[in-house]
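Residues per chain are reported as follows:
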Amino acid sequence: NRIEIIGSGLLIFIQIYLYIILGRIILSWFQGQFYRYPILRQIFSFCFVLTEPLMAPLRRIVPPVRLGMGYMDLSALILWMLLLVVRQLVGRLFF
């Protein structure tokens, strides 16, 4: 069935995108190591290019939250939750 194929493709795309967001989050913790491990910088740049178009508008709506002497960017968490909702909707609509 074509509808199920489209639904399956969307679910796979969303799942891969969730992994890319997770990669960006984890690699952001190690930005100080990028000069020693250039491959980390390349992977982070790849994740950044793919996720920033959706995270930047969220960041304008929900600015980073102050935590002690630093700030916590919640845009990745918000995007993650939105994609989980979309994944549920796709599952209900296509299957």
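*Asks:* Quick question: what am I supposed to make of the side chain of Ser-75 here?
*Replies:* Along the chain, Ser-75 falls in helix H3 (residues 75-94). Polar side-chain contacts of Ser-75 include one of 2.9 Å to the side chain of Asp-73. Filtering out sequence-adjacent residues up to four positions away, Ser-75 remains in contact with Met-55, Leu-58 and Arg-59.

*Asks:* What is the right way to look at the packing of aromatic side chains in this model?
*Replies:* Aromatic rings considered in pairs are described by the distance between their centres and by the relative angle of their planes. One pass over the structure, following the stated rule, counts three aromatic pairs. With 5.5 Å between their ring centres and 45° between their planes, Phe-34 and Phe-44 make a pair best called tilted. Residue Phe-34 is found in the loop between helix H1 (2-28) and helix H2 (38-61), and its partner Phe-44 is found in helix H2; the two are separated by ten residues along the sequence. Of the residues examined, Phe-34 reaches a relative accessible area of 8% and is grouped as buried. Given the relative accessible area of 13%, Phe-44 is considered buried.

*Asks:* What is the right way to look at the environment of Leu-79 in this model?
*Replies:* Within the secondary structure layout, Leu-79 lies in helix H3. Look at Leu-79 and you get buried, because its relative accessible area is 6%. Beyond its immediate stretch of four places on either side in the chain, Leu-79 contacts Tyr-17, Ile-21, Leu-54, Met-55 and Leu-58.

*Asks:* What am I meant to see in a nonpolar patch on the surface here?
*Replies:* Where nonpolar side chains cluster on the molecular surface, the patch consists of Tyr-19, Leu-22, Ile-26, Trp-29 and Phe-30 and spans about 550 Å² of accessible area. Along the chain, Ile-26 falls in helix H1. The partly exposed category is assigned to Ile-26, whose relative accessible area is 35%.

Each value, and the rule that gives it
- Residues numbered from 1 in each chain as written.
- Predicted model: local features only at pLDDT ≥ 70, side-chain atom pairs only at ≥ 80, totals over all residues.
- Heavy atoms only, no water.
- Helix = DSSP H or I, 4+ residues; strand = E, 2+ residues; numbered from the N terminus.
- Polar contact = N/O pair within 3.5 Å; in protein donor to acceptor, adjacent residues only side chain to side chain.
- Contact = heavy atoms within 4.5 Å.
- Phe/Tyr/Trp six-rings, centres within 6.5 Å; stacked < 30°, edge-to-face > 60°.
- Buried < 20%, exposed > 50% of the residue type's maximum accessible area, 1.4 Å probe, protein only.
- Patch = residues over 30% accessible without salt bridge, like charges linked within 9 Å, V, L, I, M, F, W, Y side chains within 5 Å.
- Areas by Shrake-Rupley, 256 points an atom, 1.4 Å probe, with all protein chains shown as cover.
- Salt bridge = Lys/Arg side-chain N within 4 Å of Asp/Glu carboxyl O.

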